[in-house]
Amino acid sequence: MPTYEYRCDQHGVFEITRPLGMAPKSATCLVCGSEARRIFSAPMVRSGSRIVFFASMDHAEKSRHEPDVVTSLPSTGKRRRTPVLPLTPALRRLPRP
């Protein structure tokens, strides 16, 4: 569910969670009960770590014009064989590719 922000003139910004598209233009302040108007903010900026967010944005901006040079493929770990089940007696008579 999205979080909507409202600004009270006396107590500042507070958040309310409502279903998508169901947020009113004004809400009652949680502290004083006065009317607070809805404000618009950037979506999803407050969730997660800000350091990781800004680091990824800086890396994306840098690599737009100067992509990182890769000299080898990244390691995928130890290769695992797909287990082969023994053939049933009925399938043993079929030709093999």
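This one's a predicted model, so the numbers in the text were calculated from it and none came from an experiment.

Cut-offs applied
- Residues numbered from 1 in each chain as written.
- Predicted model: local features only at pLDDT ≥ 70, side-chain atom pairs only at ≥ 80, totals over all residues.
- Heavy atoms only, no water.
- Core = buried A, V, L, I, M, F, W, Y, C linked by side-chain atoms within 4.5 Å.
- Buried < 20%, exposed > 50% of the residue type's maximum accessible area, 1.4 Å probe, protein only.
- Helix = DSSP H or I, 4+ residues; strand = E, 2+ residues; numbered from the N terminus.
- Contact = heavy atoms within 4.5 Å.
- Patch = residues over 30% accessible without salt bridge, like charges linked within 9 Å, V, L, I, M, F, W, Y side chains within 5 Å.
- Areas by Shrake-Rupley, 256 points an atom, 1.4 Å probe, with all protein chains shown as cover.
- Salt bridge = Lys/Arg side-chain N within 4 Å of Asp/Glu carboxyl O.
- Pairing = 2+ DSSP bridges.
- Axes fitted to C-alpha atoms, helices over the stretch in contact; angles between N-to-C directions.

S.K.: Honestly, the nonpolar core in this entry has me stumped. Any pointers?
M.R.: Across soluble globular proteins, you tend to see nonpolar side chains buried next to one another. Counting 9 residues, the largest nonpolar core is built from Tyr4, Tyr6, Cys8, Phe14, Ile16, Ala23, Ala27, Cys29 and Ala36. Residue assignment for this core shows that the elements contributing at least two residues are strand E1 (3–8) and strand E2 (12–17). A total of 3 residues in this core trace back to one element, the largest contributor, which is E1. If we ignore the near neighbours within four places in the chain, the residues touching Phe14 are Tyr4, Glu5, Tyr6, Cys8, Thr28, Cys29, Leu30 and Ala36.

S.K.: How should a nonpolar patch on the surface be read in this particular structure?
M.R.: A surface patch of nonpolar side chains, amounting to about 280 Å² of accessible area, comprises Phe53, Phe54 and Met57. By the secondary structure assignment, Phe54 is in helix H1 (residues 50–65). A relative accessible area of 42% places Phe54 in the partly exposed class.

S.K.: What should I look at first to understand the pairing of strand E4 (residues 35–39) in this one?
M.R.: Across a regular strand the side chains alternate sides, sitting on one face of the sheet and then on the other. In the sheet, E1 pairs with E4 via 3 bridges, with the strands oriented antiparallel. Bridge pairing in E4 places Glu5 opposite Ile39. Where strand E3 (residues 26–28) meets E4, 3 bridges bridge the pair, whose relative direction is antiparallel. Pairing of Thr28 across the sheet is with Glu35, part of E4. Remark: 6 residues form the turn of the hairpin made by E3 and E4, two consecutive strands paired antiparallel; Gly33 in that turn has positive phi of roughly 85°.

S.K.: Help me understand the sheet that holds E1 in this model?
M.R.: Where strands meet in a sheet, backbone hydrogen bonds hold them as pairs that are either parallel or antiparallel. Reading across from one edge, E2-E1-E4-E3 is the order of the 4 strands in this open sheet, with antiparallel pairing throughout. Looking at the sheet topology across the chains shown, the edges are occupied by E2 and E3. The sheet shows a mean angle of 40° between the axes of neighbouring strands, taken without regard to direction.

S.K.: Mind showing me how you'd approach the pattern of salt bridges here?
M.R.: A side chain with one charge may pair with a side chain of the opposite charge, provided their charged atoms come close. Going through the model one piece at a time under the given rule, you end up with 2 salt bridges. Asp9 is the salt-bridge partner of Arg37, the closest N and O atoms lying 3.2 Å from each other. Taken as a pair, Arg37 in strand E4 and Asp9 in the loop between E1 and E2 lie far apart in primary sequence, 28 residues in all. The exposure class assigned to Arg37 is partly exposed, which follows from its relative accessible area of 46%. Where Arg64 meets Glu61, a salt bridge forms, and the shortest distance between an N and an O atom there is 2.6 Å.

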